[in-house]
Amino acid sequence: MFPETWQFNIANHINNFVNWLLDTFAVFFDGLSSVVLNLLMNIHSALDAIPWWIIILTIALFAWFVSRSIVTVTILAILPVFIGLFGLWPLAMETLAIILTAVVIALIIGIPIGVLMAEFKPIEAIIRPILDAMQTMPSFVYLIPALMFFGLGKVPGVLATVIYSTPPVMRLTCLGLNQVPSEVEEAALAYGATRWQLLKEARLPLAMPSILAGVNQTTMMALAMVVIASMIGAGGLGYEVLISINRVNVGRGFEAGISVVILAIVIDRLTQGFAKRFEPPTT
Amino acid sequence: MSSAIEVSDLWKIYQNGKQQLPLDDVEKLEQLKESGEIVIAVREVSFNVEPGEVFVVMGLSGSGKSTLIRCLLRLVEPTRGSIIINENDVTSMNQKDLTFFRRQEASMIFQHYGLLPHRTVIDNVAFGLKLKGISKEERYSKAREMLDTVGLQGWEEYYPGSLSGGMRQRVGIARALVADPPVLLMDEPFSGLDPLIRREMQDELVKLQQSMNKTIFFVTHDLDEGMTLGDRMAVMKDGKFVQVGKPEEVLADPADDYVARFVQDKKKQIEMADKERSKKDEELSRNVS
């Protein structure tokens, strides 16, 4: 038995500290919260307002643009219909809205930081270990800081998703820029490119396939996290899964689970196809 | 008139750490080199190239010729020495002047082309003009003209990935010429091409040079190429110029064993060709008589 007198709890201190932070920086947290909520609500009400068949038509068109294959288009257009058949369409739109919000924020943060990491080695030296550490943490843990500052609800759900899904796009942006062939960079410099021109004209376009692979990864991570974030009240399909687990309702959980998988397949195929479009042409 | 390129006492030393190098103490440098702490890529190189001259630097791989040509544009930062190109002191320029200089005064052609794979042929040719901020119309019309000159009309909208090596290098040459710089730096431009195409490109370069009259600094490991193109040539070994002179002089009077071995085959070829010719001449005269 561990001696009881040795016990030392920091839980209270942390709670006090967080309360202090919340009081002191109330403006910042409220502001951030309302920005995120606004973005989310706009995206969500837009998705809700669009009739289901237009969404499927859009998916089909997009699928045609990235794949030019009738089979792919058919599969990607039919799969979402099942979500509707299960009666989960509104929940799926809710989940999609959270994913889109989180991905937009993750890209706005992630791509510039990835570029900075590639351009300035000291920044990379600081950020890379943080990303490595983040990767080893279980995804549950990301709920804690979000919970800490924003309580329960959709906003912490979105922010936990952002934290969890930003690293891949940062890493792949940095990787893509570092992999640009040195001959091309050298030639651009030899013709009098400034550092900014080198980045804009040569490095970024050549890193595009890698950056878009990062977008794809970030989106998939966001989807995975959104299901877990239902535990702090993010809602959507994840919440349906959570309820099914609590009530040991296997069938209902299966329907929700399949819907998540369908969402994942459609998003993955579309973003991956989009990434392929950006590879340098050989013909 | 002053020289187009004036290089004096140029050194490039690669080192592991950041310690001060004893540049004036050759013995110490030798010791550091032996212990593997530094690599001397270019040492004590001085030369002048006159306007309109084709100056060839020849050497085997690892002799420092690629480092030397990169020093001229400061793509590689020289350790010591001075480079003056068209009265611009390249070594003392700040970043801004250097960028301007690279756009205006000297263009480089690379062995591996260095084309942008995501841009069309015409955009690649117009690349330097775009960096200068020239309008799309003007740079396209100039680029189109240059593509005609190098024989690539009709290929404007293709991507480099679909072109053969020879055609890619034509794009590289067009890109270099489009800004009309007085100096061309060519780093083994034809080494990656198959022999027939190489020959063709060399002939075309000679033809082009007759009308353009640029100052050309040409790096190669191919003696034939050097002899065909060069007004003067330098033979480089371990970062040093071991001999500088007209191709015939180098051939006739090699400065040391290294150069002698370099030109040996070529000499044999010439002797053989001479013998053939004199044999034919004899036969001819016998037949006549």
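Up top is the structure.
Residues numbered from 1 in each chain as written. Chains lettered and ligands numbered in written order. Predicted model: local features only at pLDDT ≥ 70, side-chain atom pairs only at ≥ 80, totals over all residues. Heavy atoms only, no water.

Just give me the short version of the environment of Ile197 of chain B, but keep the residues and values in it.
All names here are of chain B. When you line up the elements, Ile197 lands in helix α8 (residues 195-212). Judged by its relative accessible area of 28%, Ile197 is partly exposed. Spatially, the C-alpha atoms of Ile197 and Lys18 are 45 Å apart, while their sequence positions differ by 179 residues. (Helix = DSSP H or I, 4+ residues; strand = E, 2+ residues; numbered from the N terminus. Buried < 20%, exposed > 50% of the residue type's maximum accessible area, 1.4 Å probe, protein only.)

Mind laying out unusual backbone geometry, listing which residues take part and the relevant values?
For Arg74 of chain B, which is not a glycine, the phi torsion comes out positive at approximately 55°. One can find Arg74 of chain B in the loop between α2 (65-72) and β4 (80-85).

If you had to explain the environment of Ser35 of chain B to someone new, which residues and values would you point to?
Residues and elements named next belong to chain B. Relative to the helices and strands, Ser35 is located in the loop between α1 (26-34) and β2 (38-49). The exposure class assigned to Ser35 is partly exposed, which follows from its relative accessible area of 49%. The sequence separation of Ser35 and Gln20 amounts to 15 residues, and the corresponding C-alpha distance is 16 Å.

So what's going on with the sheet that holds β4 of chain B? Residues and values would help.
Residues and elements named next belong to chain B. A sheet is described by the order of its strands in space; here 4 strands give the open sequence β2-β1-β4-β5, paired in antiparallel fashion. Strands at the two margins of the open sheet, each flanked by one partner only, are β2 and β5 (88-89). Strand direction decides the pairing type here: β4 and β5, joined by 2 bridges, are antiparallel. Across the sheet, residue Ile84 finds its bridge partner in β5, namely Asp89. Where α2 meets the sheet, its contacts fall on β1 (5-15), β2 and β4, and the angle it forms with β1 comes to roughly 120°. (Pairing = 2+ DSSP bridges. Contact = heavy atoms within 4.5 Å. Axes fitted to C-alpha atoms, helices over the stretch in contact; angles between N-to-C directions.)

Break down the sheet that holds strand β8 (residues 215-220) of chain B for me, with residues and values.
Residue and element names in this part refer to chain B. Strand order in the open sheet formed by 6 strands is β6-β7-β8-β3-β9-β10, with mixed pairing between adjacent strands. Among the strands making up the open sheet, the edge pair consists of β6 (106-109) and β10 (240-245). Strand after strand, the sheet turns through a mean of 15° between neighbouring axes, direction not considered. Bridging between strand β9 (residues 232-237) and β10 involves 5 bridges; their strand directions are antiparallel. Counterpart to Met236 in the pairing with β10 is Phe241. Helix-sheet contacts for helix α11 (residues 257-288) involve β3 (54-58), β9 and β10, and the interaxial angle to β9 is about 120°.

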